[in-house]
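# Breakdown of the fold
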Amino acid sequence: MSPFPPLPDPAKAAELLATRLREAPELLVVLGSGLALPAAAVEDPVELPFEALPGFPPAGVMGHPGRYLAGRLEGRLVLFQRGRYHFYEGHSRAVVGAPIRVAAALGIPRVLLTNASGGIRPDLIPGSFVLVEDHIDLQGRAPLAGPVASGEERFPDMSAPYDPQLGLLAERAAADLGIALARGTYGGVLGPNFETPAEIRMLRLLGADVVGMSTVPEAIVARALGLAVLAISVVMNPAAGLTARPLSHEEVLAVGARSAGPLFELVRRIVRGLPEKELGAPDLDFGGDGRPRQGFSQ
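Keep in mind that this is a model prediction, so the values were computed, not measured.

The helix and strand inventory of the protein chain stands at six helices and nine strands. For the protein chain, the proportion of its 298 residues judged to be buried stands at 53%. Relative to all contacts within the protein chain whose residues are 6 or more apart in sequence, the contacts with residues 24 or more apart total 82%. For the protein chain, the exposed surface amounts to about 12800 Å²; the carbon and sulfur share of it is 55%.

Structure below.
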């Protein structure tokens, strides 16, 4: 018996998901710390815990339920990923990138990554929404290192990691809702400790507007797979050195709870504005009875 846990199998995980869905979802939405879905958020919900998929560990961070939820939103099929894996948990590249590879195997053409962040720019106070235009990768972990995974580009171009057209759609949606949506650069660090004031000064000099411990590896894997990426950061606290009080994960969860409703309405409006799907149909069985297959929950 191997002392190492099995690695995720994105192809088999996608096949399992496909047997319970009536069609390929049009969007994967990854929800960050504390950013929960409202009750009865989608129609015809079908739910699945991460650990029900082959090789997928349970989520290990408070505020990350570790479940998939598929359902109809604005008449479109959307797959919500409630939680994510982080390098700081000790997960391998294969685990951290697996959910994005599952999305690609399902034929999902675009992903919306949300995250909880610390505000570096002075105007980005708790509760601010930031459209991520670019990122700085300081995590020290290359999510594409090792053998080239099936369907992935060895040297993906990262000159525009976040899709400009999806960004414009998000800005229009935010304007319609009266939500202020700033633009900024995300500084990705490893964690899990919060940063020191000196590190925040360094990040500011490098051009980061917000800082967080996720998103970057997912965006890189998505680009290697040819998926369009949209990222929205929710500022949960001022970064270190910009406030006299200690930083805590409890504060992140509290601000996340207040921000989840407006964020979901923004996601709803973005989904409403998505172009008609142009999916390369994967060789997967999405069920022939016109109904989502049940039996996800464990």
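Another point: helix H5 (residues 216–224). Among the nine residues in H5, eight count as buried, and that is most of the element. Among the residues of H5, Val216, Pro217, Glu218, Ala219, Ile220, Val221, Ala222 and Ala224 are the ones counted as buried. Positive backbone phi, at 80°, marks Gly226, one or two positions downstream of H5.

This part covers the packing of aromatic side chains. Counted according to the given criterion, the structure contains four aromatic pairs. Seen in terms of ring centroids, Phe50 and Tyr85 are 5.4 Å apart; in terms of plane orientation they differ by 55°. Their pairing is tilted. With a gap of 35 residues between them, Phe50 in the loop between strand E2 (43–49) and strand E3 (67–73) and Tyr85 in the loop between strand E4 (76–82) and helix H2 (93–106) connect regions that are remote in the sequence. Under the relative-accessibility criterion, Phe50 is labelled buried at 1%. Among the aromatic residues, those joined into a cluster by ring pairs are Phe50, Phe56, Tyr68 and Tyr85.

What follows covers the packing of H2 against H5. Between two packed helices, both the angle of their axes relative to each other and the distance between the axes serve to describe the pair. Close contact between H2 and H5 brings their axes to 9 Å; oriented N to C, the two are set at 45°. Comparing their axes, H5 and H2 come out oblique. Once H2 is placed against H5, the crossing between them reads as right-handed. On H5, the residues that touch Val96, Gly97, Ile100 and Arg101 of H2 are Pro217, Glu218, Val221 and Ala222. Looking at the contact of H2 with H5 residue by residue, the class counts come to five nonpolar, one polar and two charged.

Once that is clear, we can look at the pattern of salt bridges. What the rule picks out here adds up to 15 salt bridges. The closest approach of N and O atoms between Glu74 and Arg272, which form a salt bridge, is 3.1 Å. You can see Glu74 sitting in the loop between E3 and E4 and its partner Arg272 sitting in helix H6 (residues 249–272), a full 198 residues away along the chain. Under the relative-accessibility criterion, Glu74 is labelled partly exposed at 32%. Between Arg84 and Glu218 there is a salt bridge; the shortest N-O distance is 2.9 Å. Within this pair, whereas Arg84 is found in the loop between E4 and H2, its partner Glu218 is found in helix H5, the two being separated by 134 residues in sequence. The pair formed by Arg84 and Glu218 is uniform in burial state, with each residue classed as buried. Because the salt bridges share partners, they merge into one network encompassing Glu74, Glu265, Arg268 and Arg272.

Looking now at helix H3 (residues 164–177). End to end, H3 covers 20 Å across 14 residues, agreeing with the expected 20 Å (1.5 Å per residue, within 8%). Packing partners of the buried residues in H3 comprise strand E5 (110–119), strand E6 (129–138), strand E7 (181–189), strand E9 (228–238) and H6. Note on H3: the residue one or two positions beyond its end, Gly178, has a positive phi of about 70°.

A few words now on the nonpolar core. Counting 48 residues, the largest nonpolar core has Leu28, Phe56, Tyr68, Ile100, Leu106 and Leu113 as its most contacted members. The greatest single-element share of this core, amounting to seven residues, is contributed by H2. Core analysis: the next-biggest nonpolar cluster, separate from the first, contains 36 residues, Ile179, Ile232, Val234 and Leu263 among them.

About the criteria used
Along each chain, residue indices are assigned from 1 in the same order as the chain's sequence is written. Since the coordinates come from a predicted model, pLDDT governs what is reported: local features require at least 70, and pairs of side-chain atoms require 80 or more to be given and counted, while whole-chain, interface and lining totals use all residues. By convention in this description, side-chain values take in all heavy atoms of the structure and omit both hydrogens and water. Segments assigned H or I by DSSP are reported as helices when at least four residues long, segments assigned E as strands when at least two residues long, and all are numbered from the N terminus. Relative accessibility thresholds used throughout: buried, under 20% of the residue-type maximum; exposed, over 50%; partly exposed, between the two (1.4 Å probe, protein chains only). When checking whether two residues touch, look at their non-hydrogen atoms; a contact exists if any pair is within 4.5 Å. All accessible-area figures derive from a Shrake-Rupley calculation using a 1.4 Å probe, and residue coverage is judged against the displayed protein chains alone. What counts as a ring pair is set by centres within 6.5 Å for rings of Phe, Tyr and Trp (its six-membered ring), and what kind of pair is set by the plane angle: stacked under 30 degrees, edge-to-face over 60, tilted for all other angles. Only C-alpha atoms enter the line fits that serve as axes; for helices the fit covers just the stretch in contact. Angles between N-to-C directions range over 0 to 180 degrees. The scheme is simple: roughly parallel for angles under 35 degrees, roughly antiparallel for over 145, roughly perpendicular for 65 to 115, oblique for anything else. Take the far helix as your reference; a near helix turned counterclockwise from it by less than a right angle gives a left-handed crossing, and one turned clockwise gives a right-handed crossing. Residue polarity is assigned by list, with Asp, Glu, Lys and Arg as charged and Ala, Val, Leu, Ile, Met, Phe, Trp, Tyr, Cys and Pro as nonpolar; anything else, Gly included, falls into the polar class. Here a salt bridge means any side-chain nitrogen of Lys or Arg lying within 4 Å of a carboxyl oxygen belonging to Asp or Glu. What a helix should span is 1.5 Å times the count of its residues minus one. Here, nonpolar core means buried Ala, Val, Leu, Ile, Met, Phe, Trp, Tyr and Cys residues that are tied together by side-chain atoms lying within 4.5 Å of each other.

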